[in-house]
Amino acid sequence: MGNRGMEDLIPLVNRLQDAFSSIGQSCNLDLPQIAVVGGQSAGKSSVLENFVGRDFLPRGSGIVTRRPLVLQLISANAEWAEFLHCKGKKFTDFDEVRQEIEAETDRVTGANKGISPIPINLRVYSPHVLNLTLIDLPGITKVPVGDQPADIEHQIRDMIMQFICRESCLILAVTPANTDLANSDALKLAKDVDPQGQRTIGVITKLDLMDEGTDARDVLENKLLPLRRGYIGVVNRSQKDIDGKKDIRAALAAERKFFLSHPAYRHIADSMGTPHLQKVLNQQLTNHIRDTLPAFRSKLQSQLLSLDREAEEYRQYRPDDPSRKTKALLQMVQQFSVDFEKRIEGSGDQVDTVELSGGAKINRIFHERFPFELVKMECDEKEMRREISYAIKNIHGIRTGLFTPDMAFEAIVKKQVVKIKEPCIKCIDLVVQELINTVRQCSDKLDSFPCLREETERIVTSHIRDRESKAKEQVLLLIDVQLAYINTNHEDFIGFAKYVQIFVIRKGWLTINNISIMKGGAKEYWFVLTAESLSWFKDDEEKEKKYMLPLDNLKVKDVEKSFMSSKHMFAIFNTEQRNVFKDNRFLELACDTLEEVESWRASLLRAGVYPERAVVESESSGPSENFSMDPQLERKVETIRNLVDSYMAIVNKCIRDLMPKSIMHLMINNVKEFINAELLAQLYSAGDQNALMDESQEQVQRREEVLRTHHALKEALAITGDISTTTISTPLPPPVDNSWLSAGAGSRR
């Protein structure tokens with residue numbers, strides 16, 4: 001039988017398969033095996049039964065194999081079978097084996113032809129078998145029956161692919177001789193995953209059912225449609241033989257007689273038939289295991305190393321030891337405290353590279369989100385000017401005041417300061433949410449102890465909520481302090497006196513259009529508009545002032561665009577019929593675009609320079625674009641508007657500085673100190689420490705699973721370490737021309 005020194009390899013793989021199946025997983029290790037692939041009624045089941053020498057597979061019309069069957073054949077002195085799902089029970093009656101396969105299939109797939117990729121593991125011990133591990137896969141079908149889904153063909157194809165695409169899987173491609181071999185689905189699938197033909201063995205069934213005068217000699221001699229590993233022909237029992245309970249041993253004898261007596265096959269009879277197929281598969285699987293063993297052993301080693309530390313911890317763990325529970329509690333609280341501090345303060349280890357979290361997110365709230373909320377809070381310009389206008393009028397009452405009233409400024413400032421409360425409270429809410437998220441992230445490590453995790457989260461979150469209310473009180477107090485005294489003596493405040501001289505409403509280039517050609521013609525100057533005057537300079541360095549025009553009694557009017565000029569124009573004139581600039585009654589100014597003209601007109605309006613024909617809207621028209629015809633009032637509005645801006649900039653700067661400091665002191669640092677100093681005491685006073693340290697069911701399962709897996713890997717490594725890989729093996733046959741497979745696939749498309 002060839003490779004005697006390697007006979008223990010296949011039982012080894014069977015033991016490994018059982019070890020990994022018993023722990024409910026494969027440990028991601030692809031164990032060497034042979035997958036039997038073919039169309040429905042290609043004779044796959046008969047080939048497997050001939051290997052075993054017993055009828056044990058379900059029979060019937062349509063799709064019968066509906067779950068993968070992992071069949072481990074083991075040479076032994078006695079004959080019996082056992083299933084992995086009912087381990088310990090020996091089946092000596094193979095009719096019962098068939099019934100158990102049917103029952104187990106129906107249990108997962110239902111009784112109406114459904115399919116499932118979950119395998120059934122069957123081990124057969126017999127003196128009539130060679131050591132082999134085969135997987136019987138559902139037959140490739142085209143048309144759904146029963147309650148099979150419409151895409152049954154794709155489902156079966158996907159299931160087959162899961163097995164045969166593994167490099168460690170040999171493919172037994174079964175094709176009946178009475179069909180066109182070039183259209184074989186089994187060979188087509190094998191070609192897709194094994195284009196070099198290194199893992200594919202061809203099996204031709206139903207040679208006795210070919211039309212009279214025809215034979216498959218050229219195929220079996222590997223001449224017609226060559227495969228690298230060649231073909232082996234077998235003759236299975238007919239349906240009549242099966243129904244008549246024809247003995248498999250008699251069927252094997254009849255198969256031998258068929259090959260010896262058939263004129264087309266007698267010269268290759270020794271390399272045909274089921275016994276020869278068993279030997280070839282045994283040899284090929286043994287070789288395959290030998291070839292894959294070094295990589296397999298390396299994979300075992302790396303997985304064992306990855307589990308070593310965890311398994312060692314679990315092995316020494318005594319769940320019911322009270323001292324162990326106390327120690328674990330102390331360690332967990334200490335770890336939680338360290339993790340919380342690291343997430344807030346930042347650290348080099350365990351850095352989140354996906355999103356901002358903890359301290360980084362709080363920093364963003366302080367320095368990006370909160371300032372943005374303050375800016376967003378700024379009120380509508382028209383609304384603000386309307387409020388200032390009403391405040392000035394109401395303060396003057398029946399009199400017409402000569403000066404801009406301080407009280408109007410104070411009233412508007414206070415109204416703006418009160419609005420800061422909302423973004424401040426929102427900032428605290430955002431920080432609280434992030435602190436709670438950080439607590440949850442840190443408590444992930446307490447998952448093994450659900451009661452401890454729940455209690456820790458409850459205690460810390462409750463403390464955060466308590467600090468939240470104190471922080472909000474303090475921040476609202478900060479706002480009330482700002483409201484208590486409006487400090488117009490602040491060094492950064494522009495002030496009433498300085499405002500008139502220095503406050504600029506607008507700057508920009510304008511062309512004076514109506515200078516006579518004798519004096520140089522139209523010329524561009526740098527204009528500066530304040531609340532009191534309009535000045536222009538030679539250039540934007542503002543060193544050489546050309547003229548300063550007071551704004552009293554000035555108005556704006558439209559000027560038609562001249563066909564000679566591409567610029568848009570407007571004019572300023574004096575309502576008292578005086579010259580505005582030198583000998584000119586009008587000062588014609590030009591811009592490059594209409595948008596610039598509109599923008600300058602709006603700026604002049606803010607300075608109290610109105611359009612020539614302005615329509616005053618009634619009080620009832622609400623806060624739409626209404627303005628007073630009183631330029632003096634409008635100038636007061638502009639003054640207060642800009643003074644409010646100046647003062648609010650001071651308040652905002654102060655609040656932006658104090659908010660992070662207050663939150664850090666009252667909440668974040670306080671919570672860190674609480675976790676360090678108080679959390680453990682609170683946990684002890686919360687109730688029974690033993691109950692706190694009860695493990696979760698998942699953790700118990702995880703521990704058992706890790707220990708089982710570690711043991712299985714260790715055992716597997718020990719077994720593979722005892723095997724010599726220096727024994728001889730049959731070399732792989734040379735490549736052949738298998739382009740016919742592609743052509744056959746093309747003809748079907």
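Computed from a prediction, not measured in an experiment: that's the story for all the values here.

Chemist: Mind showing me how you'd approach the overall build of the chain here?
Modeler: Helix and strand content of the chain: 22 helices and 16 strands. Counting the 749 residues in the chain, one finds 48% classified as buried. In the chain, the proportion of contacts linking residues at least 24 apart, taken out of those at least 6 apart, comes to 74%. Of the roughly 37600 Å² of accessible surface on the chain, 50% is carried by carbon and sulfur atoms.

Chemist: How should I be thinking about the nonpolar core in this particular structure?
Modeler: Side chains of nonpolar character tend, in soluble globular proteins, to be buried together. By size, the foremost hydrophobic cluster in this structure holds 61 residues, and its most contacted members are Phe409, Leu435, Ile464, Met659 and Ile663. When contributions to this core are tallied by element, the ones reaching two or more residues are α10 (322-345), α11 (359-376), α12 (381-396), α13 (406-419), α14 (421-442), α15 (450-484), α18 (631-677) and α19 (679-686). Per-element tally for this core: the top contributor is α18, with 17 residues. Non-local contacts of Leu435, meaning those with residues more than four positions away in its chain, are made with Phe340, Ile344, Ile362, Ile464, Met667 and Ile668. In this structure, Ile160, Ile164, Ile204 and Met272 belong to the second largest nonpolar core, which totals 40 residues.

Chemist: Any chance you could explain helix α17 (residues 594-606) here in plain terms?
Modeler: An α-helix turns once every 3.6 residues. As a result, residues three or four positions apart point the same way. Taking 1.5 Å as the rise per residue, α17 with 13 residues should run 18 Å; its terminal C-alpha atoms sit 19 Å apart, in good agreement. Every buried residue of α17 is listed here: Val597, Trp600, Arg601, Ser603 and Leu604. For α17, the angular spread of buried residues about the axis comes to 160 degrees, placing them on one side. Buried residues along α17 sit in contact with β9 (504-512), β10 (523-530), β13 (554-559), β14 (568-574), β15 (586-591) and β16 (610-611).

Chemist: Explain the sheet that holds strand β3 (residues 80-83) here, please?
Modeler: Strand pairing in a sheet relies on backbone hydrogen bonds. The paired strands run either parallel or antiparallel. Strand order in the open sheet formed by eight strands is β3-β4-β2-β5-β1-β6-β7-β8, and the pairing between neighbours is mixed. Each edge of the open sheet is held by one strand with a lone partner, namely β3 and β8 (231-233). Strand-to-strand twist of the sheet, defined as the mean angle between neighbouring strand axes without regard to direction, takes the value 25 degrees. Examined bridge by bridge, strand β7 (residues 200-205) and β8 share three bridges and lie parallel to one another. Across the sheet, Val203 pairs through a bridge with Ile232, a residue of β8. On the sheet, helix α2 (residues 44-52) packs against β1 (33-38), β2 (69-75), β4 (120-126), β5 (132-136), β6 (169-176) and β7 and is oriented at approximately 155 degrees with respect to β5. Sitting on the sheet, helix α4 (residues 152-164) is in contact with β1, β5 and β6, with an inclination near 155 degrees to β1.

Chemist: Quick question: what am I supposed to make of the sheet that holds β14 here?
Modeler: Pairing in this open sheet of eight strands is mixed, and the strands run β12-β11-β10-β9-β15-β14-β13-β16 from one edge to the other. Each edge of the open sheet is held by one strand with a lone partner, namely β12 (545-550) and β16. Where β9 lies against β15, two bridges are found, and the strand directions are antiparallel. Bridged to Ile512 within β15 is Leu589. α17 contacts β9, β10, β13, β14, β15 and β16 of the sheet and is inclined by roughly 135 degrees relative to β9.

Chemist: I would appreciate a short explanation of the packing of α11 against α14 in the present structure.
Modeler: Packed helix pairs are specified by the crossing angle of their axes together with the interaxial distance, meaning the distance between the axes. Their axes nearest at 10 Å, the elements α11 and α14 cross at an angle of 160 degrees. Classed by the angle they form, the pair α11 and α14 counts as roughly antiparallel. Handedness of the crossing formed by α11 with α14: right-handed. The residues of α14 that touch α11, namely those facing Lys361, Ile362, Ile365, Phe366, Arg369, Phe370, Glu373 and Leu374, are Pro423, Cys424, Lys426, Cys427, Leu430, Val431, Glu434 and Leu435. Within the contact of α11 with α14, the residues separate by chemical class into eleven nonpolar, no polar and five charged.

Chemist: Would you mind showing me how to read helix α5 (residues 185-193) here?
Modeler: The buried fraction of α5 amounts to eight of the nine residues, a majority that puts the element mostly inside the structure. Buried within α5 are the following residues: Asp185, Ala186, Leu187, Lys188, Leu189, Ala190, Lys191 and Val193. The residue sitting at the N-terminus of α5 and contributing the capping side-chain oxygen is Ser184; that oxygen lies 3.4 Å from the backbone nitrogen of Ala186.

Chemist: How do you make sense of the pairing of β5 when you look at a structure like this?
Modeler: Residues in a regular strand project their side chains so that they alternate between the two faces of the sheet. Summarising burial for β5: five of the five residues are buried, a large majority. Every second residue of β5 is oriented toward a common face, with Leu132, Leu134 and Asp136 on one face and Thr133 and Ile135 on the other, all of them buried. In terms of strand pairing, β1 meets β5 through three bridges, oriented parallel. Residue pairing in the sheet places Val36 in a bridge with Asp136 of β5.

Chemist: Is there a simple way to think about the environment of Ile156 in this case?
Modeler: With respect to the helices and strands, the residue Ile156 is situated in helix α4. Placed 39 residues apart in sequence, Ile156 and Pro117 show a C-alpha to C-alpha distance of 8.7 Å.

Chemist: Just checking my understanding: could you explain the side chain of Thr456 for this structure?
Modeler: In this structure, Thr456 sits in helix α15. Look at Thr456 and you get buried, because its relative accessible area is 2%. A distance of 2.7 Å separates a polar atom in the side chain of Thr456 from the backbone oxygen of Leu452. Setting aside chain neighbours within four positions, we find Thr456 in contact with Phe336, Leu446, Leu679 and Leu683.

Chemist: Whenever I open this one, the packing of aromatic side chains confuses me. Can you help?
Modeler: Remark: the centre distance and the inter-plane angle together describe each pair of aromatic rings, the angle taken between the planes. Scanning the entire structure with this criterion turns up eleven aromatic pairs. Relative to Phe91, the ring of Phe83 has its centre 5.3 Å away and its plane inclined at 85 degrees; by these criteria the two rings are edge-to-face. In this structure, Phe83 and Phe91 share a single accessibility class: buried. Here the aromatic cluster, defined as three or more aromatic residues joined through ring pairs, consists of Phe527, Trp536, Tyr547 and Phe581.

Chemist: Is there a simple way to think about the packing of α14 against α15 in this case?
Modeler: Between α14 and α15, the shortest axis-to-axis distance is 10 Å and the interhelical angle comes to 165 degrees. Here α15 runs roughly antiparallel to α14, going by the angle between their axes. Between α14 and α15 the crossing geometry is right-handed. Classifying every residue of the contact of α14 with α15 by side-chain character gives 13 nonpolar, one polar and nine charged.

Chemist: Even after reading the chapter, I still don't get unusual backbone geometry, so can you show me in this structure?
Modeler: Both trends apply: most residues other than glycine have a negative phi, and most peptide bonds are in trans. The phi torsion at Asn553 lies on the positive side, around 60 degrees, for a residue other than glycine. Along the chain, the position of Asn553 falls in the loop between β12 and β13. Positive phi, close to 65 degrees, is recorded for Gln577, a residue that is not glycine. Inspection of the secondary structure puts Gln577 in the loop between β14 and β15. Among the residues examined, Gln577 registers a relative accessible area of 55% and is labelled exposed.

What counts and how
Residues numbered from 1 in each chain as written. Predicted model: local features only at pLDDT ≥ 70, side-chain atom pairs only at ≥ 80, totals over all residues. Heavy atoms only, no water. Helix = DSSP H or I, 4+ residues; strand = E, 2+ residues; numbered from the N terminus. Buried < 20%, exposed > 50% of the residue type's maximum accessible area, 1.4 Å probe, protein only. Contact = heavy atoms within 4.5 Å. Areas by Shrake-Rupley, 256 points an atom, 1.4 Å probe, with all protein chains shown as cover. Core = buried A, V, L, I, M, F, W, Y, C linked by side-chain atoms within 4.5 Å. Expected span 1.5 Å × (residues − 1). Arc of directions from axis to C-beta. Pairing = 2+ DSSP bridges. Axes fitted to C-alpha atoms, helices over the stretch in contact; angles between N-to-C directions. Parallel < 35°, antiparallel > 145°, perpendicular 65-115°, else oblique. Left-handed = near helix turned anticlockwise from the far one by under 90°. Nonpolar A, V, L, I, M, F, W, Y, C, P; charged D, E, K, R; others polar. Polar contact = N/O pair within 3.5 Å; in protein donor to acceptor, adjacent residues only side chain to side chain. Phe/Tyr/Trp six-rings, centres within 6.5 Å; stacked < 30°, edge-to-face > 60°.

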